[in-house]
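So you can see what is in the structure, the chains are spelled out below.
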Amino acid sequence: MTIPGVVGILVLTAAIIALAKPVGSYLYAVYDGPRTWLEPVMGPLERRLYRWTGVDSKHEMRWTEYVFALLIFNLVGFIALYILLRIQSVLPFNPQHLPDLGPHLSFNTAVSFMTNTNWQAYSGEATMSYFSQDMLMIQQVLSPITGLCMAVAFIRGFSRKNADTLGNFWVDLTRTLLFVALPVLLISALVLVAMGTPDTLLPYAHVTTLQGGHQLIARGPVGAFESAMQFGDNGGGFFNVNAGHPFESPGAASLIFQMMIGVSIPVGLTYYFGKAVGDTRQGWTILAAMMAMFVAGVFILYHAEVATNPLLAQLGLHGPNLEGIDWRFGPALSSFFETLTTAVSWGSTAAANDSLMPLGGMIPLFNMMSGEVIIGAWGVGLLGMLAFAIMAVFLAGLMVGRTPEYLGKKIQAFEIKMAVLAMIVPTFVILGLAAWAVSSKGGLAGIFNPGPHGLSEILYAFASGVGNNGSAFGGLGAALPFYTWTVGLAMLFGRFAMYIPALAIAGSLARKQTVPAGAGTFPTHGATFAVLLIAVVVIVGALTFFPALALGPLAEHFQLWSGHVIGGGK
Amino acid sequence: MIRHTWTAVRLFVLMAILAGFIYPAIVLGISQLTMAYQANGSLVHYHGRVVGAKMIGQSFTSPKFFHGRPSAADYNAAASTASNLGPSNPALVKEVKASLALVLKQNPGLRASQVPMDLVTSSDSGLDPNISPQAAYLQVPRVARANGLPVSVVRALVTRNIHGRFLGLYGEPRLNVLELNLALVSLVKSNGS
Amino acid sequence: MAVASPTGRVAAGIPLSVAVRESFRKLSPRSMVLNPVMFVVEIGSVFTSVDAVRYVIQGHTSLFSFTGQISIWLWLTVLFANFAEALAEGRGQAQAAALRSTRTDTVAKRIAGGRSARIEEVVASQLRAGDRVVVEAGDTVPSDGTVVEGTAAIDESPITGESAPVIRSAGSDADAVTGGTRVISDRIVVEITANPGETFLDRMIALIESAVRQKTPNEIALAILLAGLTLIFLVVVITIQPFAVYSGHAASITILIALLVCLIPTTIGGLMSAIGISGMNRLLRRNVLAMSGRAIEAAGDVNVILLDKTGTLTMGNRMAVEFLPSPGVNAGVLAEAALLSSMADETPEGRSVVELARSQFNVPNPDTGGAEFHEFSAETRMSGVDIHGRVVRKGAVDTVTAFVKDQGGSIPEEFIHREVQRIGSQGGTPLLVAEGDRILGAIHLKDVVKPGIRDRIVSLRDAGIKTVMITGDNPVTAATIAREVGVDDFVAEAKPETKLEYIRREQAEGYLVAMVGDGTNDAPALAQADVAVAMSSGTQAAREAGNMVDLESNPTKLIDIIEIGKQILITRGAMTTFSVANDVAKYFAIIPAMFVVIYPGLRALNIMGLTSPESAVLSAVIFNALIIPALIPLAMRGVAYKPKGAAAVLRNNLLIYGLGGLALPFVGIKLIDVVVTALHLVSLHA
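Quick notes on the rules
Residues numbered from 1 in each chain as written. Chains lettered and ligands numbered in written order. Predicted model: local features only at pLDDT ≥ 70, side-chain atom pairs only at ≥ 80, totals over all residues. Heavy atoms only, no water. Contact = heavy atoms within 4.5 Å. Buried area = accessible area lost by both parts, 1.4 Å probe. Salt bridge = Lys/Arg side-chain N within 4 Å of Asp/Glu carboxyl O. Polar contact = N/O pair within 3.5 Å; in protein donor to acceptor, adjacent residues only side chain to side chain. Helix = DSSP H or I, 4+ residues; strand = E, 2+ residues; numbered from the N terminus. Nonpolar A, V, L, I, M, F, W, Y, C, P; charged D, E, K, R; others polar. Expected span 1.5 Å × (residues − 1). Buried < 20%, exposed > 50% of the residue type's maximum accessible area, 1.4 Å probe, protein only. Pairing = 2+ DSSP bridges. Axes fitted to C-alpha atoms, helices over the stretch in contact; angles between N-to-C directions. Parallel < 35°, antiparallel > 145°, perpendicular 65-115°, else oblique. Patch = residues over 30% accessible without salt bridge, like charges linked within 9 Å, V, L, I, M, F, W, Y side chains within 5 Å. Areas by Shrake-Rupley, 256 points an atom, 1.4 Å probe, with all protein chains shown as cover.

A. Representation of the interface of chain A and chain C. Facing 64 residues of chain A, the contacting portion of chain C comprises 67 residues. When the two sides are added together, the surface that chain A and chain C hide from each other amounts to roughly 5300 Å², 77% of it contributed by carbon and sulfur. Three residues, Met399, Leu543 and Leu551 of chain A, lead the burial of chain A against chain C; their summed loss comes to 15% of the area buried on that side. Between lysine 410 of chain A and aspartate 301 of chain C there is a salt bridge, and its shortest N-O distance comes to 3.1 Å.

In structure tokens, the structure reads:
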């Protein structure tokens, strides 16, 4: 580890934390405050949208109605995207004359972009026309918004009492698009272009290289796309290698800018949460727990990456692991980015995760297995973290001698039932589908790296799917029908089987009376609770996935470092 | 419920127009009008012809040029990819071994321990335009010899072309191989004339 | 508690041999299925046992030895959990049996309908609500009822264990009688309020017996979580096999089952019902009968408690604390006169005057020969004595002033005004003492705060509970006493409906309110309160409205109840946390043991340095089994609760049960491994 590397990591972490309050305060103004400074521009547009679409902005929805509206909106997006991908060849803006997508890939991709996973079983520049990229971008704008709506509704479960309703989905959706998404997208797209990201409708460039060879350079309307993909924590790259592509991230500055916009909403949401429930310490505590786990992850990954791979050391080489890492980022920034984009349910990559050292690759994997609660994308991470907080309160809360309560809401059988359901889903999906994959021909066919690393690839795919992350151990044959369907299922379960129970909890909590906090109440702010929360996230995650990890990354690590040749595997 | 479905369809269409047409159109318009160079891919011209894009690596194999990193994509800028080889994969060892042998062969007199990792491992994008100063310096004797230039001049060229870390903290000190080779070509030209 | 109650007496429970027999009987799947966690262990034990038998038939001696021993310990795990439950249930059953023995089939003297007032003898079990019965000295009260005529001394010891008889009289707040108690003196007419099978005693027995079956809301939620965890671990363990096969070597079924049992929360799963039952038993031992487990849980959650001033916070009666002589009067003279006037006053107030005069002024016992005592009466509102020509009187300010004026004496207006005001402002009551036509001075009677009550109020505050004093006193007096006792709030000049209003107001803000009540006019408030303790001496209406009954009728018991409620929750939480935290060490024992065949490098995970894969797995299973009986005493006794702020309690318990739960099994499994190794119980081949 180098000094600039370590200092750089700490400075970036501080910068991320510094985003929380301004962004959170702005979100508060959008959802609960009287008005934002964008009101004169967006206000009339907002009212016009309601009028054109028949939305009654005063109408309050119960949680079931809220979920229905959300699902139907997602379904419309899914159907639209699926159809357009299937008929790409007859649609405009296709200078490379790329053909239609098949049903497997169209299903997988449509699910992937609807669920904010942005798992890409295809290579962008070789598969998608400019028009299809634009359709994908629409989902990259809209699907994170639906995630944020879920979190806002969930938080209302805590901030309201004796209430039946959680707000109006159409209003939350519209306000998020107009007041949060579009303004930031526009500015950040232009910043990205200024830093070197192309934005053009010209076809790919044919060039004769300096040496005299021929090079075809893919380009396109990347700026607008990149902005949407990163601000919304989508990570569905324009190009195959995602943010690692020099056009997507021409340099460290561009990558850092992308990190900052991507992490802004999730981090700001913690502050928003505190403000909405009337105690900002609650939000800071959650953020502290998140950032502590995050920084630990970055340093473990970074530490693993700077060690010389023992197999390469045998060749007389020494130096950090640079396989799959672009030199303009180097090990430190790559470690930071890979940890961040899996801590956030984001999935953009600037390095080849498949080529990370075993323990290095385990960090993104564990981030996703623990439910991507460490920071989380638009809404869904905080939602998961609050579900963990409910668990923590329930497990340990009894120890203060009161029945468990969180933020004044009693945690009872119904909440636990739903939280358990949300917790069981990732376990069942990741372990169940991975077990299926390693026992079936179709699954085994996709494995690229042999031995324990192959298991890691499979675990990573389903963890990424269920966590709606979208990053991958890229060697896996994700385009095989087995994986397009199973990962597609994982994404659907990850999004809906986890977050519908979460909203059910919110609906139930909103109905409850709030018990005011006193000296006898379980304190859910401060260092003790932050440590407890971290312990619950890490222990629950570790307990669930330890055996699988032991046969994947841990086995690979110990075999590699104890001088054993890689045995086993198929 | 029907009402909500109808609302969903209408709202989706309107939002798709906002997010999918109006927003990218504004970005495209402003970019093309004010930042056409970047917006079209930062293409590099040399003597009136396009020789590449500034941040896209390209293949250099001739001993007269500085070489970039091995590329899993073979520097095909329409099919970016990483090798995705895992750290314990024997195939990785094989590839690195081959790259190392090539480097050692092209730059005689080097020992493996002097070869930096970036020169024998493939990048994430397969289009990495950069190499480390160490990787550039070790090619100086070869490049100087092949171009008939004094080693000191080439070494100075390398030193001039090193870019530092962003804010002194982020990324690694690096050289853009295309930029370096363009400077080299100019140097050769000016020396020759 | 000085008196051994029937419940307390048998709390020692059933003999161990019975509990052991019970734990085997509970192995029946029908009873095991009620506890999913332990049911999974039982199924696992069956599997490994079958395997063990298979090995012995096939002649794999070493495999048999290992699998056999694992099976034994798995069965023991189930048995230990059953034993804990049987032990706790046994206590309840013994209590129920003791109570049932008091339910004798008495004969009741029922007053036949109509005006004839004819008395007919019927069996008690035929009495229905609304019947009237006559109960005379020596009779057993046949069923629950309300005294509608007469007053009687009643021996309630068969129910409460209190040997001192209590007075029950018609029209008072103490008019309820319980079936099974005995009238010692006098004759009363009782209107029966309970139908057969619904009496207090019936319900009490049913309650104790059913303690096992009823789960509290929190227990239900916890059971869901434990079932969820069990399901998760089931999937975790089942999916290990395909992963292991992929990696090159299938895992042993025995070890997979061992891992599953170690991972699922057997500790809390095995002890949960014991914690609940023994908590209820602890309440019973303090002679509090909770009508539902929900009420006990609510007790832990209480934020506000309403305490009646008189009898709860202060001694029931006012005590003389000070003699205030009139100007020009010697304090000794006043004390002597006061003593004289109280010689025949048997009320506690009178006793306290005598006490004070003796202790402060060493007034000797006067010769009371030939004295004529005037007892306090409603007309005179004074008491006193005429002796040796002296006329001494003490009484309320206005009556004594009137008496002195009558005698032609003069009144020290300024003195009286000043002192009366001062005493009043201190929450006391002034009495004047006069001899002949002279006012000698005043006695300061004061509410005396019960010893130790202040500390308990402080500890309640530390635990985040607000105490509210309810009193009929005027606000000035109430404020003074409130300050002295240290309560957070008080309600002065309280009328019966004031309590109800106060409770409603607090509840509207989300607080849980506890109160104690006895009279019929307390019933609405009792019904409204979240935790309502009715005195068993109270009226039937109050008892119906409360969700707990205090058999000893000791109002401060509410504080004990809250502490027991908290203790149950803490114990449950501590064991859950401990159980889950334990898993980490078990993984480090079993995972390397399981996979070291496939990847020798994983030996690095054997951080405990366990001898061999077999010894590691066996040690983890033994630890997992032994921890259950090791924790039975704690489950039965409950984790100690010290009233402190929640933050401090949490930090403490997290350190002990969270961190301790992480660390202890590392030590425990290592020690067991040392023993297993020394005894060569299994293959020690690494």
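B. Region of interest: the interface of chain A and chain B. Across the contact, 113 residues belong to chain A and 99 residues belong to chain B. Across the chain A to chain B interface the summed buried area is about 8500 Å²; carbon plus sulfur atoms make up 68%. For the pair chain A and chain B, the interface holds 0 salt bridges. Viewed at the interface, chain B and chain A are joined by 43 residue pairs in polar contact (both at pLDDT 80 or more). A per-element tally of the side of chain A that touches chain B places helix H7 (residues 169-194) of chain A first, with 12 residues. By residue class, the composition of the side of chain A that touches chain B is 72 nonpolar, 31 polar and 10 charged.

C. Region of the structure containing helix H17 (residues 452-466) of chain A. Residues and elements named next belong to chain A. Between its first and last C-alpha atoms H17 spans 21 Å; for 15 residues at 1.5 Å apiece the expected length is 21 Å, and the two agree. H17 sits mainly inside the fold: 15 of its 15 residues count as buried. After H17 finishes, the residue asparagine 468 shows a positive phi value of roughly 50°.

D. Region of the structure containing the sheet that holds strand E3 (residues 132-136) of chain C. Residue and element names in this part refer to chain C. Ordered by their spatial adjacency, 6 strands build an open sheet running E2-E1-E3-E9-E4-E7, and the pairing between neighbours is antiparallel. Only two strands of the sheet have a single neighbouring strand rather than two, namely strand E2 (119-123) and strand E7 (176-177). Here strand E4 (residues 145-149) runs beside E7; their pairing, made up of 2 bridges, is antiparallel. Bridging across to E7, threonine 146 finds its partner in alanine 176.

E. Quick look at the packing of helix H19 (residues 527-551) of chain A against helix H8 (residues 217-247) of chain C. Two elements in contact, H19 of chain A and H8 of chain C, have axes whose closest approach is 9 Å; the angle formed by their N-to-C orientations is 5°. Of the possible angle classes, the one that applies to H19 of chain A and H8 of chain C is roughly parallel. In this structure, H19 of chain A uses Leu543, Thr544, Pro547, Ala548 and Leu551 of chain A to contact H8 of chain C, whose residues at the interface are Ile232, Phe233, Val236, Ile240, Phe243, Ala244 and Ser247 of chain C. When grouped by side-chain class, the residues that make up the contact of H19 of chain A with H8 of chain C number 10 nonpolar, 2 polar and no charged.

F. Inspection of the pairing of strand E2 (residues 49-53) of chain B at higher detail. Residue and element names in this part refer to chain B. When strand E1 (residues 43-46) meets E2, the two strands line up antiparallel, connected through 4 bridges. The partner of tyrosine 46 across the bridge, within E2, is arginine 49. Turn length for the E1-E2 hairpin, with the two strands adjacent in sequence and antiparallel, is 2 residues, and the turn residue histidine 47 shows positive phi of about 50°.

G. Quick look at a nonpolar patch on the surface. Together, Trp6, Val9, Val13, Ile17, Phe21, Ile22, Ile26 and Ile30 of chain B give the surface a local cluster of nonpolar side chains, amounting to about 660 Å² of exposed area. Turning to its location among the elements, isoleucine 26 of chain B is positioned in helix H1 (residues 2-34).

H. Spatial organisation of the arrangement of the chains. Ranked by contact count, the leading pair among the 2 pairs of chains in contact consists of chains A and B. Here chain B and chain C are not in contact; the least distance found between their C-alpha atoms is 14 Å.

I. A look at the pattern of salt bridges. In total, this model carries 42 salt bridges over all chains according to the counting rule given. For glutamate 405 of chain A, the salt bridge identified is with lysine 410 of chain A, shortest N-O distance 2.9 Å. When its relative accessible area of 3% is taken as the criterion, glutamate 405 of chain A is described as buried. In this structure, lysine 512 of chain A and glutamate 415 of chain A form a salt bridge, with 3.0 Å as the shortest nitrogen-oxygen distance. In this pair, lysine 512 of chain A sits in the loop between helix H18 (481-511) and H19 while glutamate 415 of chain A sits in helix H15 (residues 413-439), placing the two residues 97 residues apart along the sequence. The class for lysine 512 of chain A is buried, based on a relative accessible area of 14%. It is possible to trace a salt-bridge network through shared partners that takes in Glu322, Glu414, Arg418, Glu419 and Arg422 of chain C.

Read these as spatial facts, not as claims about activity.
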